[in-house]
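Fold and geometry: a report
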Amino acid sequence: MTPSLLLGNRTTWTESEFLAIGETPERIELFDGSLHVTPGPTPIHQRFACKLLIILTPPAEAIGLFVHEGINVRVGINRIPIPDLAITTMIDFEELVVDASAVRLICEILSPSNATTDRVLKMRYYADAGIPWYLLVAPKTARLTLYKLEGSEYREHKTAAPGELLELTDPVVATIDPADLLPPR
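Residues numbered from 1 in each chain as written. Predicted model: local features only at pLDDT ≥ 70, side-chain atom pairs only at ≥ 80, totals over all residues. Heavy atoms only, no water.

Points about the environment of lysine 51
Note that lysine 51 resides in helix H2 (residues 43-62). The contact partners of lysine 51, leaving out residues within four places of it in the chain, are Asp180 and Leu181. (Helix = DSSP H or I, 4+ residues; strand = E, 2+ residues; numbered from the N terminus. Contact = heavy atoms within 4.5 Å.)

Structure (structure tokens):
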């Protein structure tokens, strides 16, 4: 049993207490002082994440940005979600937590166990933190929805389904056909 499963009946957590847990095989996020634990992602979820990582990394690194999978992002006091992908400016690669000010785009891939969290809670956290772009991926339909931060809210900017192209121009220039993310049939 990992240390994270032996934490007792604590009801609220500070960021320092959360970080003291250390690295674990579980995906543990901190939401307003509460721990949010989710099961490992499905193979289709991982396929989408891997394919997007492959597509976005070359154009990001060409302009001095970096694509990360599953990093801790501080979006506020006692708020540390773990997005599926994040595009950042230069960061300290040894730090356990990345500040939202370094993040240019967040990507969340919906899973049955966390769809509401990604569509509502995390979207609100990312907007409050001022992250300019939010890419939401729905593996069941292979639909990509790109949101742009306008004021304090995300507004739908572009969408694409398989066979349609999602053209990104900021923070990186890339073209994504959701059909290319699907597993072979």
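Remarks on the side chain of asparagine 78
Here asparagine 78 shows up in the loop between strand S4 (72-74) and strand S5 (79-80). In terms of polar contacts, asparagine 78 uses its side chain to reach the backbone amide nitrogen of glutamate 15, at 2.7 Å. The contacts of asparagine 78, once residues within four sequence positions are left out, are Trp13, Thr14, Glu15, Leu30, Phe31, Asp32 and Gly33. (Polar contact = N/O pair within 3.5 Å; in protein donor to acceptor, adjacent residues only side chain to side chain.)

Considerations on the pattern of salt bridges
Applying the stated rule across the entire model yields ten salt bridges. One salt bridge in this structure joins aspartate 128 and arginine 79, with 3.8 Å as the shortest N-O distance. Placement of the pair is aspartate 128 in helix H3 (residues 115-128) and arginine 79 in strand S5, with a sequence separation of 49 residues. In the salt-bridge network here, residues are joined through shared partners; they are Asp32, Arg79, Arg124, Asp128 and Glu153. (Salt bridge = Lys/Arg side-chain N within 4 Å of Asp/Glu carboxyl O.)

Quick look at the sheet that holds strand S10 (residues 143-150)
Pairing between the strands of a sheet is mediated by backbone hydrogen bonds and can be parallel or antiparallel. One open sheet holds the six strands; their spatial order is S3-S6-S8-S9-S10-S11, and the pairing between them is mixed. Two strands lie at the open edges of the sheet, namely strand S3 (66-69) and strand S11 (153-160), each paired on one side alone. Between one strand axis and the next, the sheet turns through 20 degrees on average, direction left out of account. With seven bridges joining them, S10 and S11 adopt antiparallel strand pairing. Residue leucine 144 lies in a different strand from S11, and its bridge partner there is alanine 160. (Pairing = 2+ DSSP bridges. Axes fitted to C-alpha atoms, helices over the stretch in contact; angles between N-to-C directions.)

Let's talk about the packing of aromatic side chains
Tallied over the full model, the rule gives five aromatic pairs. The interplanar angle of 85 degrees and the centroid separation of 5.4 Å between the aromatic rings of phenylalanine 66 and phenylalanine 93 together place this pair among those described as edge-to-face. Within this pair, whereas phenylalanine 66 is found in strand S3, its partner phenylalanine 93 is found in the loop between strand S6 (85-88) and strand S7 (97-99), the two being separated by 27 residues in sequence. On the basis of relative accessibility, which here comes to 18%, the residue phenylalanine 66 falls in the buried class. Here phenylalanine 93 falls in the partly exposed class, since its relative accessible area comes to 48%. Summarising the aromatic geometry, the rings of tyrosine 134 and tyrosine 147 are spaced 6.1 Å apart at their centres and angled 40 degrees between planes, so their arrangement reads as tilted. Linking tyrosine 134 in strand S9 (residues 133-138) with tyrosine 147 in strand S10, this pair joins segments that are 13 residues apart in sequence. Like tyrosine 134, the residue tyrosine 147 is buried in the burial classification. Put simply, the rings of Tyr126, Tyr134, Tyr147 and Tyr154 touch in pairs and so form one group of aromatic residues. (Phe/Tyr/Trp six-rings, centres within 6.5 Å; stacked < 30°, edge-to-face > 60°. Buried < 20%, exposed > 50% of the residue type's maximum accessible area, 1.4 Å probe, protein only.)

The quantities given are spatial measurements derived from coordinates; they are silent on function.
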